[in-house]
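What follows is the residue order along each chain.
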Amino acid sequence: GESVGLHLPTLSVQEGDNSIINCAYSNSASDYFIWYKQESGKGPQFIIDIRSNMDKRQGQRVTVLLNKTVKHLSLQIAATQPGDSAVYFCAWRNRDDKIIFGKGTRLHILP
Amino acid sequence: EAGVTQFPSHSVIEKGQTVTLRCDPISGHDNLYWYRRVMGKEIKFLLHFVKESKQDESGMPNNRFLAERTGGTYSTLKVQPAELEDSGVYFCASSLGWRNTIYFGEGSWLTVV
């Protein structure tokens, strides 16, 4: 079957350091991947997306990397700040326009 | 521009009662989705509207759940009768087109006691 999952449920990072959140997917025909950030008590907020014809895309302080060979997706956050504390979900959209979410990784910022 | 809005933000009901959740998508967005997250698990797809038509309702758990989008504007999701396992957060999302970015609301947090 098709699935999207995360390696680590919780990630603790020192403030100012870079964060890397990983996601593995398998047997996917999707050509589009998305990262969402969910802060406590709020809905998922779009961060960045990437299409399968690319292997890297940069935003403001965030970079998404896609490795189709090993079916791996990662989100890099530069100079992590307290406001980055949240649960991060990778997701993919299939041909039926349905978004499938992974389990989420909680990012905890250490002072 | 207003985002996706959901009402109520929180609801506590007794088992067997009925609850109706409402979602107002971003103005002009034809695509409207319902998702839910229960017991800290993954966010799961429930269904997808294109205007007033149900494009995909494969994620609806059972016939206690009924979603409508009359007129192709706002949508409601009714749970009747509610069961304990229905507790969780119900997210609504919308997008302009089927290949555009999907924006989520803040969620309706449902507790069934």
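Here goes a summary of the coordinates provided. (Residues numbered from 1 in each chain as written. Chains lettered and ligands numbered in written order. Predicted model: local features only at pLDDT ≥ 70, side-chain atom pairs only at ≥ 80, totals over all residues. Heavy atoms only, no water.)

## Overview of the overall build of chain B
As a reminder of what qualifies: Helix and strand assignments come from DSSP, with helices taken as H or I runs of at least 4 residues and strands as E runs of at least 2, each series counted from the N terminus. Throughout, radius of gyration means the C-alpha value; the globule benchmark is 2.2 Å times the number of residues raised to the power 0.38. Accessibility here uses a 1.4 Å probe with only protein chains present; expressed as a share of the type maximum, an area under 20% marks a residue as buried, one over 50% as exposed, and anything in between as partly exposed. Here, two residues are considered to be in contact whenever any of their heavy atoms come within 4.5 Å of each other. All tallies of charge rest on Lys and Arg as positive and Asp and Glu as negative; His and the ends of each chain are not included. The atom standing in for a charge is NZ when the residue is Lys, CZ when it is Arg, CG when it is Asp and CD when it is Glu.
Along the backbone of chain B there are 0 helices and 11 strands. For chain B, the α and β elements follow one another from N to C terminus as β-β-β-β-β-β-β-β-β-β-β. Radius of gyration (C-alpha) of chain B: 13 Å, near the 13 Å computed for a compact globule of 113 residues. Across its three principal directions, the C-alpha atoms of chain B cover 40 × 25 × 25 Å. Residue burial in chain B is summarised as follows: out of 113 residues, 50% are buried. Contacts in chain B between residues at least 24 apart in sequence constitute 52% of all its contacts with a sequence separation of at least 6. Charged side chains in chain B number 12 positive and 13 negative. The centres of these two groups are separated by 3 Å.

## Quick word on the sheet that holds strand β8 (residues 75–79) of chain B
Backbone hydrogen bonds are what pair the strands of a sheet, in a parallel or an antiparallel way. All names here are of chain B. The criterion, for reference: Strand pairing is defined by DSSP finding a minimum of two bridges between the two strands. Whenever a helix is involved, its axis is fitted only over the stretch in contact; in every case the axis is a line through C-alpha atoms, and angles between N-to-C directions fall within 0 to 180 degrees.
In spatial order, the strands read β1-β3-β8-β7; together these 4 strands make up an open sheet with antiparallel pairing. Whereas interior strands pair on both sides, the edge strands pair on one side only; in this sheet they are β1 (5–7) and β7 (65–68). Adjacent strand axes in the sheet meet at a mean angle of 15 degrees when their direction is disregarded.

## Digging into the side chain of S11(B)
Considering the arrangement of structural elements, one finds S11(B) in strand β2 (residues 10–13). If we ignore the near neighbours within four places in the chain, the residues touching S11(B) are V19(B), W109(B), L110(B) and T111(B).

## Overview of the pattern of salt bridges
Short version of the rule: One speaks of a salt bridge when a side-chain nitrogen belonging to Lys or Arg is within 4 Å of a carboxyl oxygen belonging to Asp or Glu.
Within the structure shown, the criterion is met by 6 salt bridges over all chains. Put simply, D49(A) and R57(A) hold a salt bridge, and the shortest N to O gap is 2.2 Å. Residue classification places R57(A) among the partly exposed residues on the basis of a relative accessible area of 36%. The partner of R64(B) in a salt bridge is D86(B), with the nearest N and O atoms 2.5 Å apart. Here R64(B), found in the loop between β6 (53–56) and β7, pairs with D86(B), found in the loop between β8 and β9 (88–95); they are 22 residues apart in sequence, far enough to count as distant. For the pair shown, R64(B) and D86(B) are each scored as buried.

## What to know about the pairing of strand β4 (residues 31–37) of chain B
The side chains of a regular strand alternate between both faces of the sheet. All names here are of chain B. Of all 7 residues making up β4, 7 are buried, and the element is well covered by its neighbours. Residues of β4 alternate between two faces, with N31, Y33, Y35 and R37 on one and L32, W34 and R36 on the opposite face, all of them buried. Sheet analysis places β4 next to strand β5 (residues 43–50), joined by 7 bridges and oriented antiparallel. For Y33, the partnering residue across the bridge sits in β5 and is H48.

## Details of the side chain of S87(B)
Residue and element names in this part refer to chain B. Quick note on the threshold: What qualifies as a polar contact is a pair of N or O atoms within 3.5 Å, subject to a donor-acceptor requirement within protein and to the restriction that residues adjacent in sequence count only when both atoms come from side chains.
Checked against the element boundaries, S87 lands in the loop between β8 and β9. For S87, the side chain forms a polar contact with the main-chain nitrogen of V112, separated by 2.8 Å. Each residue touching S87, except ones within four places of it in the same chain, is listed here: V38, L110, T111 and V112.

## Observations regarding the interface of chain A and chain B
Applied cut-off: Buried area adds together the accessible area that both of two parts lose upon being put together, with accessible area traced by a 1.4 Å probe. The classification used treats Ala, Val, Leu, Ile, Met, Phe, Trp, Tyr, Cys and Pro as nonpolar, Asp, Glu, Lys and Arg as charged, and all other residues, Gly among them, as polar.
Of the residues lining the interface, 20 residues belong to chain A; the matching set on chain B comes to 20 residues. Roughly 1900 Å² is buried in total at the junction of chain A and chain B, and carbon and sulfur atoms are behind 51% of that figure. There are 0 salt bridges connecting chain A and chain B. Along the contact surface separating chain A from chain B lie 2 residue pairs in polar contact (both at pLDDT 80 or more). Secondary structure elements with two or more residues in the side of chain A that touches chain B: β4 (32–38), β5 (45–51), β9 (86–93) and β10 (99–101) of chain A. Classifying every residue of the side of chain A that touches chain B by side-chain character gives 7 nonpolar, 4 polar and 9 charged.

## Details of the environment of A91(A)
All names here are of chain A. Position of A91 relative to the elements: it lies in strand β9. For A91, a relative accessible area of 1% translates into the label buried. Sequence spacing of A91 and G41 is 50 residues, and the spatial spacing of their C-alpha atoms is 20 Å. Setting aside chain neighbours within four positions, we find A91 in contact with Y32, F33, I34, Y36, I99, I100 and F101.

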